[in-house]
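# Structural overview
So you can see what is in the structure, the chains are spelled out below.
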Amino acid sequence: MMEIQSAFNAGLQGFQRASAGVTEATLDINRQTSSNQQQASDTELRQAQAPEQVQPSQRQVPSVEQSLVQLTSESRNAEANVRSIQAADEALGTIIDVRV
């Protein structure tokens, strides 16, 4: 019984980590998209005011592609953890059926 409970806990913790990773990747994509739009409008404004003073942004922003890869990876991780929870649930159901 303890191994099944451990499988449930491991699956649940893994799913929670994957869910947090999906949320983080989604927020990164949103931030990057907003940042890119803001930078484009800021650059246009600066070029209109003083074209010789335009400087590239000093802030390092992770790419949208990296965030999309992370999003896909975390999504697959969540699916795998859901399958482990289902397997533990089925094993527990089998044990209960055998004992009853």
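See the structure above.
Because the structure is predicted, anything quoted here is derived from the model rather than measured.

Moving on: the overall build of the protein. Counting its regular elements, the protein contains two helices and zero strands. Scored against the burial criterion, the 100 residues of the protein give a buried share of 18%. If you sum the accessible surface of the protein, you get close to 7,600 Å²; carbon and sulfur atoms cover 53% of it.

According to the stated counting rule, one finds two salt bridges in the structure shown. The shortest N-O distance in the salt bridge between R31 and D28 comes to 3.1 Å. Of this pair, R31 and D28 both sit in helix α1 (residues 2-49), three residues apart, roughly one helical turn. A relative accessible area of 52% places R31 in the exposed class. Overall, the relative accessible area of 17% leaves D28 in the buried class. Of the charged contacts, one joins R83 and E79 as a salt bridge, the two residues approaching to 3.7 Å between their closest N and O atoms. Residue R83 and its partner E79 are both found in helix α2 (residues 64-99); the two are separated by four residues, about one turn of the helix.

A separate point is the environment of R76. Take R76: it is sitting in helix α2. Separated by 58 residues in sequence, R76 and A18 have C-alpha atoms that sit 8.5 Å apart.

A separate point is the environment of G11. Residue placement: G11 occurs in helix α1. Separated by 77 residues in sequence, G11 and A88 place their C-alpha atoms 8.8 Å apart.

Bringing the environment of S19 into the picture now. Among the structural elements, S19 can be located in helix α1. The exposure class assigned to S19 is partly exposed, which follows from its relative accessible area of 34%. Taking C-alpha positions, S19 is 7.7 Å from S75, a pair spaced 56 residues apart along the chain.

What counts and how
- Residues numbered from 1 in each chain as written.
- Predicted model: local features only at pLDDT ≥ 70, side-chain atom pairs only at ≥ 80, totals over all residues.
- Heavy atoms only, no water.
- Helix = DSSP H or I, 4+ residues; strand = E, 2+ residues; numbered from the N terminus.
- Buried < 20%, exposed > 50% of the residue type's maximum accessible area, 1.4 Å probe, protein only.
- Areas by Shrake-Rupley, 256 points an atom, 1.4 Å probe, with all protein chains shown as cover.
- Salt bridge = Lys/Arg side-chain N within 4 Å of Asp/Glu carboxyl O.

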